[in-house]
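Read off the chains here:
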Amino acid sequence: MKVITKARELQNVLNQHNKTQVIGLVPTMGALHLGHLSIVKRAKLECDMVVVSIFVNPTQFDKAEDLKNYPRTLETDLQLLEQEQCDLVFVPQVEEIYQNDVKPEVMDFDGLDKVMEGAFRKDHFDGVGTIVKKLFTIVNPNKAYFGEKDFQQLQIIKKMVDKTKMNIQIIPCDIYREDDGLAMSSRNTRLSKVQREAAPLIYATLLQAKSLFPQQDLGDIQTFVQQQINGDEALKLEYFEIADVDTLLSIKTFDDSKQYRAFIAVFAGSIRLIDNIALN
Ligand code: PAF
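A short tour of the structure in this document, coming up. (Residues numbered from 1 in each chain as written. Predicted model: local features only at pLDDT ≥ 70, side-chain atom pairs only at ≥ 80, totals over all residues. Heavy atoms only, no water.)

The topology assignment puts Asp244 in strand S7 (residues 236-244). Despite being buried, Asp244 has no salt bridge partner; Lys258 is the closest side chain of opposite charge, sitting 4.3 Å away. Here the side chain of Asp244 touches Asp246 through a polar contact of 2.7 Å, landing on its backbone nitrogen. Within polar-contact distance, the side chain of Asp244 engages the backbone nitrogen of Thr247 at 3.3 Å. The contacts of Asp244, once residues within four sequence positions are left out, are Leu249, Ile251, Lys258, Gln259 and Tyr260. (Helix = DSSP H or I, 4+ residues; strand = E, 2+ residues; numbered from the N terminus. Buried < 20%, exposed > 50% of the residue type's maximum accessible area, 1.4 Å probe, protein only. Lys, Arg positive; Asp, Glu negative; His and termini not counted. Salt bridge = Lys/Arg side-chain N within 4 Å of Asp/Glu carboxyl O. Polar contact = N/O pair within 3.5 Å; in protein donor to acceptor, adjacent residues only side chain to side chain. Contact = heavy atoms within 4.5 Å.)

In structure tokens, the structure reads:
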């Protein structure tokens, strides 16, 4: 496994390989958990060469505090990737990616970025789009892998690839969960014991909401979710939405020719957890 910090060097290594090889990219911000590793395993099966990037991207954080506290565990990450027989790890510094201009590009995702995460985290998706576009340009992968936990991010990246006509296949990967249902996230390591014990209620509530859909009135499902989550002192609901998977707009009425998902964001203290579930 080669660990590379410079874009030019990474490109040189990739160029040495036969053009017929399938290159897979798994972009991450490090603090790797089993969810990331399951994605790397899948990429290894589907590609000839797997590049994992580890870069805590400053332009996608709306709060300096969150960026500062984001877990950084490079040494362990590299050991885990070595065990997965990852081929290349790209670990650039901020200057390598942004030079002296640490700003996101303003992007147009046809409104997909205006709801849910985008509504609550200013400029977040411009930051995500900016870094993913830069990584795609550097690595030029055939396939790129993204977890469905960040479902809105996945749809936005698909939109960016469509709009910019990049020839990259975006591969969605299932949400990986702890035994008690909590969606794996690098942020979980920051939860206190009490918060960690409360957090599985998020997925349990999504499952209950799914069982109520679509028979129950949408407003009643909303109220139910709010009461469930806020009923636990360690948790506070930020939003719960039932939305069309293509437009990400929350629905008013149910149309069984369309696909819907429920999306949730919850605070445990200052730690923000998100999850989602397919409803039909
Ligand atoms: O999902 C993430 O970890 C990040 O948003 C990503 C896609 C690596 C971009 O920084």
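The computed volume of the largest pocket comes to approximately 270 Å³. Along its surface, the largest pocket is lined by 17 residues, and Ile54, Phe55, Val56, Arg72 and Pro92 are the ones closest to its centre. Here the residues of the lining of the largest pocket are counted per class, giving 12 nonpolar, three polar and two charged. (1 Å grid on protein atoms, 1.4 Å probe; cavity = no way out; pocket = protein on both sides within 12 Å on 5 of 7 lines; lining within 4 Å. Points joined across faces, edges and corners; volume = space filled by probe spheres on them. Nonpolar A, V, L, I, M, F, W, Y, C, P; charged D, E, K, R; others polar.)

What follows covers the nonpolar core. Core analysis: the biggest nonpolar cluster contains 44 residues, and Leu10, Val51, Phe136 and Ile170 have the highest contact counts within it. Of the residues forming this core, the biggest block, eight residues, is contributed by helix H7 (residues 124-139). Phe136 has contacts with Leu25, Pro141, Ala144, Phe146, Ile157, Met160, Val161, Met166, Ile168 and Ile170, leaving out every residue within four places of it along the chain. In this structure, Leu206, Ala234, Ile251 and Ile271 belong to the second largest nonpolar core, which totals 27 residues. (Core = buried A, V, L, I, M, F, W, Y, C linked by side-chain atoms within 4.5 Å.)

With that settled, consider the packing of helix H10 (residues 200-212) against helix H11 (residues 218-230). Contact pair H10 / H11: the axes reach a minimum separation of 10 Å and the direction vectors enclose 160°. With respect to each other, H10 and H11 are oriented roughly antiparallel. With respect to the hand of their crossing, H10 and H11 are arranged in right-handed fashion. Residue-level inspection shows Leu201, Ile202, Thr205, Gln208, Ala209 and Leu212 of H10 in contact with H11, the latter providing Ile221, Phe224, Val225, Gln228 and Ile229. (Axes fitted to C-alpha atoms, helices over the stretch in contact; angles between N-to-C directions. Parallel < 35°, antiparallel > 145°, perpendicular 65-115°, else oblique. Left-handed = near helix turned anticlockwise from the far one by under 90°.)

Read these as layout, nothing more, since geometry by itself doesn't imply function.
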